[in-house]
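A look at the structure
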Number of protein chains: 2
Amino acid sequence: MSNIFPGFLANLRLALFHLVLIFATVAYIIAGAYLFTKIEHQAELDRYQSYHSIYKNFVHNLIYDSSGNRSVSEVENMIDAFTSINFRAFKDGLKPTDFLVPQETSRWSMISAIFFTTTVLTSIGYGNLIPISTGGKIFCVGYAIFGIPLTLVTIADLAKFVADMLIMDPTEDPKTGRQLLVLVFLLGYMTISACVYTILEPMWSFLDSFYFCLVSLLTVGFGDLYPSGTVEYMLCSIVFIFIGLILTTLAVDVSGSVGIAKMHSIGRGFDAMKMLNALRS
Amino acid sequence: MSNIFPGFLANLRLALFHLVLIFATVAYIIAGAYLFTKIEHQAELDRYQSYHSIYKNFVHNLIYDSSGNRSVSEVENMIDAFTSINFRAFKDGLKPTDFLVPQETSRWSMISAIFFTTTVLTSIGYGNLIPISTGGKIFCVGYAIFGIPLTLVTIADLAKFVADMLIMDPTEDPKTGRQLLVLVFLLGYMTISACVYTILEPMWSFLDSFYFCLVSLLTVGFGDLYPSGTVEYMLCSIVFIFIGLILTTLAVDVSGSVGIAKMHSIGRGFDAMKMLNALRS
């Protein structure tokens, strides 16, 4: 019997496993996004309408009711109350323009929702778009509990796949050169991405863009900076995040494990190589 | 020769290693917090002063300059401009009250800075307190690059320590019962913490509190909800986060590896047990 056919079958099973994992994650992201738009859409439009009414009342009171013979402290109190409302509105995800005209379209478009579910599942969580309704919060809890482990496994699997492609021999001790290569590659990826974001985001300096890339790929996600725009731009940002997280996982796997091994050898001779090799086998 | 003395030495080295790791992480958190307060303190006070001036000008213009004979659209434009400023101020971390009196004290107190560095290093990143100055952002980049791996290793080490305490025999196959126990324990920890936060945070419902605990311990950290208050309260919140992350890591280690093993056995017979045992050895 030839060895080619069983080898081919094994490769097919292997490829199929990767594909099923990727497909499941993508399907979970898209299905979740669809459900979030369904749950949050009407709640958001109601919110717009309610804040717009507050704005209209404020302007009306300021202009028509006893205008001119109002005391300074009265006007100050009105402005302070209005400022508080603005801050609450910001927390609820509104923009200044949302006050002027009651928005007819929700910020929960399919693409922004996909970006939202991506950042939840990768545990970045910028927090620029958040579920406000009770239903949305409950759904988010369950969605994250099952989705984050799935996404972690998919990213770890892809990182392993990339490591295999780099022909890292599991029997050989990891070379410092190779660890450095992965770190330099990750840093290069961040720098190039930061250059692209500097061009595409008119308000971001290079430092802002680099800071955004780093805070995203370390999954900190403060949410002071986040991308938003056309469908193409958001899809590119999602791809940027996934490739970046695969590279980060790879870097942590390669240099992290070696680091742990070195530290543990001080403590109790922990053999991280065994773990790393098990990961790669 | 007796076996007690070398055994004692080995235990001491083992304990010392854990302690050095914990000490290094705590020192890194506190030193980082101190430097962040130094860097951001003056920048923040300047910001308060500048927003307060804007507020004073707005009130002054509204009341004294050609009051009464201003057109509706003029007043509307003024209010809209003021609203935009409010939103920008919110992004810069101000509260409505910061407009009224120019704040003399920075929000970068030592305890809020420690909470900030904790949430950066655990990659939660609520984003309620963020470095605004260029120096602060550059420092944050370097701080996160070195600190996040250190914190990850410390938490993983403590999770392994807890796993060892639970006398998980590495040669024995993990029992489904034990995995369930860890998950139930984590869920119980979140539920009890959520009850405590519901009592301590007057504005949070139980759902809000549970959602906050989950979003924190999965390191998503949207930042729509975050604790802030007395030193004792913040220290308790930091302890809540660390214990929770150790439990989450333990749960992912125990049930996650088994899950990966099951999935990989479909694909290519990946032996996650080997990895898990290497982790535990």
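Residues numbered from 1 in each chain as written. Chains lettered and ligands numbered in written order. Predicted model: local features only at pLDDT ≥ 70, side-chain atom pairs only at ≥ 80, totals over all residues. Heavy atoms only, no water.

1. A word on the side chain of Thr25 of chain B
Residues and elements named next belong to chain B. Relative to the assigned elements, Thr25 resides in helix α1 (residues 4-64). For Thr25, the side chain forms a polar contact with the main-chain oxygen of Leu21, separated by 2.9 Å. If we ignore the near neighbours within four places in the chain, the residues touching Thr25 are Leu150, Thr151 and Thr154. (Helix = DSSP H or I, 4+ residues; strand = E, 2+ residues; numbered from the N terminus. Polar contact = N/O pair within 3.5 Å; in protein donor to acceptor, adjacent residues only side chain to side chain. Contact = heavy atoms within 4.5 Å.)

2. Re the side chain of Asn86 of chain A
Note that Asn86 of chain A resides in helix α2 (residues 72-91). The class of Asn86 of chain A is buried, set by a relative accessible area of 1%. When residues no more than four places from it in sequence are discounted, the contact partners of Asn86 of chain A are Phe99 of chain A together with Thr83, Asn86 and Phe87 of chain B. (Buried < 20%, exposed > 50% of the residue type's maximum accessible area, 1.4 Å probe, protein only.)

3. Considerations on the packing of helix α4 (residues 110-121) of chain B against helix α5 (residues 134-165) of chain B
Residue and element names in this part refer to chain B. One way to put it is that α4 packs onto α5 with a least axis distance of 8 Å and a crossing angle of 65°. Accordingly, the angle class assigned to the pair α4 and α5 is roughly perpendicular. Listed contacts from α5 to Phe116, Thr117, Val120 and Leu121 of α4 are Cys140, Tyr143, Ala144, Gly147, Ile148 and Thr151. Tallied by class, residues from the contact of α4 with α5 come to seven nonpolar, three polar and no charged. (Axes fitted to C-alpha atoms, helices over the stretch in contact; angles between N-to-C directions. Parallel < 35°, antiparallel > 145°, perpendicular 65-115°, else oblique. Nonpolar A, V, L, I, M, F, W, Y, C, P; charged D, E, K, R; others polar.)

4. Focus on the environment of Leu45 of chain B
All names here are of chain B. Tracing the backbone through its elements, the reader meets Leu45 in helix α1. Leu45 sits in the buried class, given a relative accessible area of 16%. Considering only alpha carbons, one finds Leu45 and Glu104, 59 residues apart in sequence, at a separation of 6.8 Å. Excluding its chain neighbours within four sequence positions, the residues that come into contact with Leu45 are Gln103, Glu104, Thr105 and Ser106.

5. Observations regarding the confidence of the model for chain A
Of all residues in chain A, 82% attain a pLDDT of 70 or more, and the chain-wide mean is 80. This model gives residues 264-281 of chain A a pLDDT under 50, and the stretch forms 54 contacts once residues within four places in sequence are excluded. (pLDDT = per-residue confidence, 0-100.)

6. Points about the nonpolar core
Counting 107 residues, the largest nonpolar core has Phe222 of chain A together with Phe222 of chain B as its most contacted members. If near-sequence neighbours (up to four positions away) are discounted, Phe222 of chain A is found in contact with Tyr126, Tyr211 and Val215 of chain A together with Phe116, Val120, Gly125, Tyr126, Gly127, Ile130 and Cys140 of chain B. In this structure, Tyr48 and Val75 of chain A together with Tyr55 and Leu62 of chain B belong to the second largest nonpolar core, which totals 34 residues. (Core = buried A, V, L, I, M, F, W, Y, C linked by side-chain atoms within 4.5 Å.)

7. Things to note about the packing of aromatic side chains
We describe a pair of aromatic rings using the distance from one ring centre to the other and the angle between the two ring planes. Applying the stated criterion across every chain yields a total of 40 aromatic pairs over all chains. Here Tyr197 of chain A and Tyr233 of chain A contribute two aromatic rings whose centre-to-centre distance is 6.2 Å and whose plane-to-plane angle is 65°, an arrangement assigned as edge-to-face. Placement of Tyr197 of chain A in helix α6 (residues 176-200) and of Tyr233 of chain A in helix α8 (residues 231-267) is noted, with a sequence separation of 36 residues between them. Of the residues examined, Tyr197 of chain A reaches a relative accessible area of 5% and is grouped as buried. Since its relative accessible area comes to 12%, Tyr233 of chain A is described here as buried. Lys137 of chain A extends its terminal NZ or CZ atom over the ring of Tyr211 of chain B, reaching a point 5.5 Å from the ring centre. (Phe/Tyr/Trp six-rings, centres within 6.5 Å; stacked < 30°, edge-to-face > 60°. Lys NZ or Arg CZ within 6 Å of the ring centre and 35° of its normal.)

8. Section: a nonpolar patch on the surface
Residue and element names in this part refer to chain A. A contiguous nonpolar surface patch, about 650 Å² in accessible area, is contributed by Leu19, Ile22, Val26, Ile30, Tyr34, Leu35, Ile39 and Met110. In terms of residues, the nonpolar patch owes the most to one element, helix α1 (residues 4-63), which gives seven residues. For Ile22, the location among the structural elements is in helix α1. (Patch = residues over 30% accessible without salt bridge, like charges linked within 9 Å, V, L, I, M, F, W, Y side chains within 5 Å. Areas by Shrake-Rupley, 256 points an atom, 1.4 Å probe, with all protein chains shown as cover. Salt bridge = Lys/Arg side-chain N within 4 Å of Asp/Glu carboxyl O.)

9. Details of the environment of Asp253 of chain B
Within the element layout of this structure, Asp253 of chain B appears in helix α8 (residues 231-267). On a C-alpha basis, the gap between Asp253 of chain B and Ala159 of chain B in space is 8.6 Å, while along the polypeptide they are 94 residues apart.

10. Some words on the pattern of salt bridges
Scanning all chains against the criterion turns up four salt bridges over all chains. As a salt-bridge pair, Asp208 of chain B and Lys137 of chain A come within 2.6 Å of each other at their nearest N and O atoms. Separated into two different chains, Asp208 of chain B in helix α7 (residues 206-217) and Lys137 of chain A in helix α5 (residues 134-165) make up a pair that spans both. Here Lys137 of chain A falls in the buried class, since its relative accessible area comes to 12%. A salt bridge links Arg107 of chain B to Glu44 of chain B, with the nearest nitrogen and oxygen atoms 3.9 Å apart. With Arg107 of chain B in the loop between α3 (97-100) and α4 and Glu44 of chain B in helix α1, the pair connects residues that are 63 residues apart, well separated along the chain. A relative accessible area of 2% means that Glu44 of chain B is categorised as buried.

11. Some details on α2 of chain A
All names here are of chain A. If you check α2, its first and last C-alpha atoms are 29 Å apart, about what 20 residues at 1.5 Å a residue would give, namely 28 Å. Of all the residues in α2, the buried ones are Val75, Met78, Ile79, Asp80, Phe82, Thr83, Ile85, Asn86, Phe87 and Ala89. Of the residues trailing α2, Gly93 is marked for its positive phi of about 90°. (Expected span 1.5 Å × (residues − 1).)

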